[in-house]
Amino acid sequence: MTTLSLDPRSTALVLIDLMPRIIALDTAPLAGPMVLERCVALAKATRSVGGLVVNVRVERPGLDAQPEGSGLAPDLDPQPGDLEIVKRTIGAFGRTGLDDELRSRGIETVALAGIATNFGVESTGRAADDLGYNTVYLTDAMTGLDQQAHDFAVSYIFPRLGTVCTGTEYVAALSPA
């Protein structure tokens, strides 16, 4: 069990690429719908204590129209006060204004979840670390395009960049003692 304490007012839950066309991909260790379900619960818990929820989706550059399923999954049910970021790169920080948005809100910690572990989540986490954020990886609320890539990121990369924990540990860390 990870010992973690978070100030909800300076924490952002950043959910990566929870879009119907991404959720439908063949993923491991979890299916996309399970990741979505867990992320929805984490978003509700984060909002309930005053934390920021950031929904990130990707658009392919240079297209007149995005592929079907490119909007946020309806289950995410964005609320007033949530932030939506549209990225055109693998990670959520590159050329999106996310860093400015987080700093203007006093965010010091980013908690990451979504699809895919070894692409959007890892790229966003690396940039967050480079920018000086405390980074938390919610490993049971993310999945990769294959099991081996997911496992490598979770066991080797993420512990070197931040705190690795479960969604349950994250929610407990947000809650006052």
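Note: the structure precedes this text.
Draft legend 1. Region of the structure containing the overall build of the chain. Across its full length, the chain carries six helices and six strands. When the helices and strands of the chain are listed from N to C terminus, the series reads β-α-α-β-β-α-β-α-β-α-β-α. Taking 2.2 N^0.38 as the reference for a compact globule, 177 residues should give roughly 16 Å; the C-alpha atoms of the chain span a radius of gyration of 15 Å, in line with that estimate. C-alpha atoms of the chain, sized along the principal axes, occupy 50 × 35 × 30 Å.

Draft legend 2. Broad picture of the nonpolar core. Judged by nonpolar contacts, the single largest core of 30 residues is most densely connected at Leu13, Leu15, Leu18, Leu76, Leu138 and Tyr170. Listing elements by their share of this core, those giving two or more residues are strand 1 (11-16), helix 1 (20-23), helix 2 (32-48), strand 2 (52-58), strand 4 (109-115), strand 5 (134-143) and helix 6 (167-174). Looking at this core element by element, the count peaks at six residues for helix 2. With residues up to four places along the chain from it excluded, the contact list for Leu76 reads Leu15, Leu18, Leu36, Val40, Arg47 and Asn55. Counting 25 residues, the second largest nonpolar core, distinct from the first, contains Phe93, Leu98, Leu102 and Leu161.

Draft legend 3. Here's a closer look at the pattern of salt bridges. Within the structure shown, the criterion is met by nine salt bridges. Asp82 is paired through a salt bridge with Arg47; the nearest N and O atoms lie 2.7 Å apart. Of this pair, Asp82 sits in the loop between strand 2 and strand 3 (83-87) while Arg47 is found in helix 2, placing the two residues 35 residues apart along the sequence. The buried category is assigned to Asp82, whose relative accessible area is 17%. Among the salt bridges present, the one from Arg57 reaches Glu84, with a minimum N-O distance of 2.7 Å. Placement of Arg57 in strand 2 and of Glu84 in strand 3 is noted, with a sequence separation of 27 residues between them. Taking relative accessible area as the criterion, Arg57 reaches 15% and is therefore assigned buried. For Glu84, a relative accessible area of 42% puts it in the partly exposed group.

What counts and what doesn't
Residues numbered from 1 in each chain as written. Predicted model: local features only at pLDDT ≥ 70, side-chain atom pairs only at ≥ 80, totals over all residues. Heavy atoms only, no water. Helix = DSSP H or I, 4+ residues; strand = E, 2+ residues; numbered from the N terminus. Rg over C-alpha atoms; globule rule 2.2 N^0.38 Å. Core = buried A, V, L, I, M, F, W, Y, C linked by side-chain atoms within 4.5 Å. Buried < 20%, exposed > 50% of the residue type's maximum accessible area, 1.4 Å probe, protein only. Contact = heavy atoms within 4.5 Å. Salt bridge = Lys/Arg side-chain N within 4 Å of Asp/Glu carboxyl O.

In short, geometric facts, not functional conclusions.
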